[in-house]
Amino acid sequence: MIGLLLPAVAGAAAVGTVAMGAYHPNSPLFGPVIGRGPPAGRRVYLTFDDGPNPTATEAILDALAAAAVPAAFFMVGDHVRRFPALARRVASGAGVRHEIGNHTEHHVKLHVAGPARIRQELESAHRAIVDATGRRPRVFRAPHGYRNPFVGRAARRLGYRVFGWTFGVWDSDRPMPDEIRRRVRTKLRPGAIVLLHDGDGYDPAGDRRPTAHALPGIIADARALGYEFGSLTELCP
Ligand SMILES: [Zn+2]
């Protein structure tokens, strides 16, 4: 009986390992991923996914500029094509240099996609960002963090570093701004890459105002706790 059970257990463990690699944003199983900064010191990193977005991106840029805080924006190619002026505003940054990242053309769950589709998703978003902003993105984040072995290969072809994140706060569920702010404050720790959303991966004009409204308080809280804001480029080896 034990002899019969063991292969099944080993098989389940292998499936579990692969699932961990597919679903966990920072798993190195399918290639190197940067999921946090150095735990020594007091630097944290703000990242915004799924934009550009007409309800929130400008307000977020204004809040970042007012506080001189750099951030990274992982953009959906289709949204860049719809709102190229917003993408350009991110690139101009109003005095702050923000990192612009690739987040696929259509916010596709890549772990179930084949190599051709994955390449197409990354290359198409790359082109949209270059055309709209004149900047070559150097960083990539997979939608939901879902990957398979072809994702790292496609990202490397474009010269990207792949990023995960340290924590999110489910701001995409649109809790009240004070609640978003509270969640970030309680989870903040040295080196954290914070996942927030200036857009909605599946709705180009999805409402992200709660995140925009929460941002000045998030920045104030972090600084009161002694944190400084860094740029993801510092973490690229
Ligand atoms: Zn996303």
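Note: the structure precedes this text.
Reading the values: the criteria
Residues numbered from 1 in each chain as written. Predicted model: local features only at pLDDT ≥ 70, side-chain atom pairs only at ≥ 80, totals over all residues. Heavy atoms only, no water. Helix = DSSP H or I, 4+ residues; strand = E, 2+ residues; numbered from the N terminus. Rg over C-alpha atoms; globule rule 2.2 N^0.38 Å. Buried < 20%, exposed > 50% of the residue type's maximum accessible area, 1.4 Å probe, protein only. Contact = heavy atoms within 4.5 Å. Areas by Shrake-Rupley, 256 points an atom, 1.4 Å probe, with all protein chains shown as cover. Lys, Arg positive; Asp, Glu negative; His and termini not counted. Charge placed at Lys NZ, Arg CZ, Asp CG, Glu CD. Donors = N, O, S within 2.8 Å, 3.2 Å for Na, K, Ca; no water. Salt bridge = Lys/Arg side-chain N within 4 Å of Asp/Glu carboxyl O. Pairing = 2+ DSSP bridges. Right-handed = clockwise from strand over helix to strand, strands pointing away.

(A) Structural context of the overall build of the protein chain. The helix and strand inventory of the protein chain stands at eight helices and eight strands. Here the protein chain has a C-alpha radius of gyration of 18 Å; the compact-globule value for 237 residues is 18 Å, and the two agree. For the protein chain, the residues scored as buried account for 53% of the 237 residues in total. Restricting to contacts in the protein chain with at least 6 residues of sequence separation, those with at least 24 account for 78%. Counting every atom, the protein chain has about 10,600 Å² of accessible surface; 59% of that belongs to carbon and sulfur. The averaged location of the 21 negative side-chain charges in the protein chain is 7 Å from the averaged location of its 31 positive side-chain charges.

(B) The arrangement of the coordination of the zinc ion in detail. Looking at the metal site, the zinc ion is ligated by Asp50 (OD), His103 (NE2) and His107 (NE2), spaced 2.1 Å from it. Counting residues between consecutive donors of the zinc ion along the chain gives the motif D-x52-H-x3-H. Of this pair, Asp50 sits in the loop between β1 (43–49) and α2 (57–67) while His107 sits in the loop between β3 (99–102) and α5 (115–133); the two residues are 57 residues apart in sequence, bridging distant segments of the chain. Comparing Asp50 with His107 shows no difference in burial state: the two are buried.

(C) Spotlight on the pattern of salt bridges. Evaluated as defined, the whole model comprises 18 salt bridges. Between Glu58 and Arg89 there is a salt bridge; the shortest N-O distance is 2.9 Å. Taken together, the residues Glu58 in helix α2 and Arg89 in helix α4 (residues 84–92) connect sequence positions 31 residues apart. The exposure class assigned to Glu58 is partly exposed, which follows from its relative accessible area of 38%. Between Glu121 and Arg117 there is a salt bridge, and its shortest N-O distance comes to 3.1 Å. With Glu121 and Arg117 both in helix α5, this residue pair falls four residues apart, about one helical turn. For Glu121, a relative accessible area of 3% translates into the label buried. Classification of Arg117 by relative accessible area gives partly exposed; the value is 38%. Linked by salt bridges that have partners in common, Arg43, Glu228 and Glu234 make up one network.

(D) Local environment of the environment of Thr166. Inspection of the secondary structure puts Thr166 in the loop between β5 (161–162) and β6 (167–168). Judged by relative accessible area, Thr166 falls into the buried class, the value being 17%. Through-space distance from the C-alpha of Thr166 to that of Leu195 is 7.5 Å; in sequence the pair is 29 residues apart. Setting aside chain neighbours within four positions, we find Thr166 in contact with Gly35, Arg36, Arg189, Gly191, Ala192 and Ile193.

(E) Structural detail: the pairing of β1. Most of β1 is tucked away: six of the seven residues are buried. Pairing between β1 and strand β8 (residues 228–229): two bridges, direction parallel. Residue Val44 lies in a different strand from β8, and its bridge partner there is Phe229. Two elements, β1 and strand β2 (residues 71–75), share four bridges in a ladder whose sense is parallel. The residue of β2 that forms the bridge with Thr47 is Ala72. Traced from β1 through α2 to β2, the parallel crossover comes out right-handed.

Read these as geometric descriptors, not functional statements.
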